[in-house]
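Structural description and commentary
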Amino acid sequence: MYTQGLDQKGHSTPQSAELEDAAQLEAFMLRVGEEEKIEAKDWMPEAYRRTLVRQISQHAHSEIIGMQPEGNWLTRAPSLKRKAILLAKVQDEAGHGLYLYSAAETLGVSRDQMVADLLSGKAKYSSIFNYPTLTWADIGTVGWLVDGAAIMNQIPLCRCSYGPYARAMVRVCKEESFHQRQGFEIMLELSRGTEDQKAMAQDALNRWWWPALMMFGPGDKDSKHSAQSMAWKIKRFSNDELRQKFIDATVPQAEFLGLRVPDDDLKYNEDTGHYDFGKIDWQEFHDVLAGNGPCNKQRMAKRNKAQDDGAWVREAARAYADKHA
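Rules of the game
- Residues numbered from 1 in each chain as written.
- Predicted model: local features only at pLDDT ≥ 70, side-chain atom pairs only at ≥ 80, totals over all residues.
- Heavy atoms only, no water.
- Helix = DSSP H or I, 4+ residues; strand = E, 2+ residues; numbered from the N terminus.
- Expected span 1.5 Å × (residues − 1).
- Buried < 20%, exposed > 50% of the residue type's maximum accessible area, 1.4 Å probe, protein only.
- Axes fitted to C-alpha atoms, helices over the stretch in contact; angles between N-to-C directions.
- Parallel < 35°, antiparallel > 145°, perpendicular 65-115°, else oblique.
- Left-handed = near helix turned anticlockwise from the far one by under 90°.
- Contact = heavy atoms within 4.5 Å.
- Nonpolar A, V, L, I, M, F, W, Y, C, P; charged D, E, K, R; others polar.
- Salt bridge = Lys/Arg side-chain N within 4 Å of Asp/Glu carboxyl O.
- Phe/Tyr/Trp six-rings, centres within 6.5 Å; stacked < 30°, edge-to-face > 60°.
- Lys, Arg positive; Asp, Glu negative; His and termini not counted.
- Arc of directions from axis to C-beta.

What to know about helix α3 (residues 46–65)
When the terminal C-alpha atoms of α3 are compared, their 28 Å separation across 20 residues agrees well with the 28 Å that a helix rising 1.5 Å per residue should span. Most of α3 sits out of view: 17 of its 20 residues are buried.

Take a look at the structure:
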């Protein structure tokens, strides 16, 4: 999850790789191959740095925008306990964004620039957060499927070749694991509830299943930068490998809940030991990523309003810092 930015066009100079010293490139790849962590002050290829900036900043943006669909239910959760748990989760997502912006800043990009790129639409965030949370079951499904997909992608990132990103992901993964269990527990309670609650749970699964599969990004044959990212050991598994691992882990969970995965072509393949599944509507994925999803405009309008409303706080903080410098 959150690696969709790898398939966005960069702003590199075509000759930049040619200008880099061959000996430096060879030494860099040797370090990567021997599983050494690349640190902020170490030499690195410019393309490696740009790829990390795209991926980490997109990851941070996704955490911040991802607060909105769940924050939508903070005042409507069905009990005080549920409100407290959801509030803690949304607070965790804000913390993840801060960790990741800090990790990206070690690559020489400012937080102000990253935020400006998000607000202008230049930078992307995960397509999954452009879908609405219509019922309480959606909150459970987001935790179960969306955070479950995040964990599938993010655990290998704990071994990312770039040290600051890898270390940030250790804590993020621990907290995301809690979020996934919390979401599954909501779905378990609903699936054991009334017929209306079961129907609500099934409806949420029907709407979120395919967008969750799209979270891993385009298929390997259509992913422009995935192979290079794996060679640099930023990623450890391809998009299709991660998607398959997610399906194999999640389908038995749906069966335990008594819910039906909305895919008529889904079946277990005895020969491969994996689940075969139907075709993903990649046109929907590209439409949402391009800004034409159900909630794209709403998400960005709210983020821009929050930025404008908080301007006086940032100005006051800067004035206080200048006064005491």
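Here we look at the packing of α3 against helix α8 (residues 163–191)
Packing of α3 against α8 leaves a shortest axis separation of 13 Å and a crossing angle of 25°. Our classification of the angle between α3 and α8 gives roughly parallel. Seen along the crossing, α3 lies across α8 with a hand that is left-handed. Facing Leu52, Gln55, Ile56, His59 and Glu63 of α3, the residues of α8 in contact are Tyr165, Met169, Val172 and Glu176. Each residue belonging to the contact of α3 with α8 can be placed in one class, and the counts come to 5 nonpolar, 2 polar and 2 charged.

Notes on the pattern of salt bridges
Going through the model one piece at a time under the given rule, you end up with 19 salt bridges. Between Glu105 and Arg111 there is a salt bridge, with its nearest N and O atoms 3.1 Å apart. Classification of Glu105 as partly exposed rests on a relative accessible area of 32%. The salt bridge partner of Asp264 is Arg260, with a shortest N-O separation of 2.4 Å. Overall, Arg260 belongs to the partly exposed group, its relative accessible area being 46%. By sharing partners, the salt bridges in this structure join Arg31, Glu36 and Asp42 into a single network.

Considering the packing of aromatic side chains
Enumeration according to the criterion identifies 10 aromatic pairs in this entry. Taking 6.1 Å as the distance between ring centres and 70° as the angle between the ring planes, the aromatic pair formed by Trp144 and Phe184 counts as edge-to-face. You can see Trp144 sitting in helix α7 (residues 136–157) and its partner Phe184 sitting in helix α8, a full 40 residues away along the chain. For Phe184, a relative accessible area of 19% gives the class buried.

With respect to the side chain of Glu93
Relative to the helices and strands, Glu93 resides in helix α5 (residues 80–105). Buried and without a salt bridge, Glu93 has Lys89 as its closest oppositely charged side chain, separated by 4.7 Å. In this structure Glu93 touches Glu63, Met67, Glu70, Asp147, Glu176 and His179, once residues within four positions along its chain are discounted.

A short note on helix α13 (residues 296–309)
The end-to-end C-alpha distance of α13, which contains 14 residues, comes to 20 Å, matching closely the 20 Å that a straight helix rising 1.5 Å per residue would cover. When α13 is considered as a whole, its buried residues turn out to be Asn296, Arg299 and Met300. For α13, the arc enclosing every buried residue in end-on projection is 90°, short of the 170-degree limit, so these residues lie on one face. Of the exposed residues in α13, those oriented more than 90 degrees away from the buried face are Lys297, Lys305 and Asp308.

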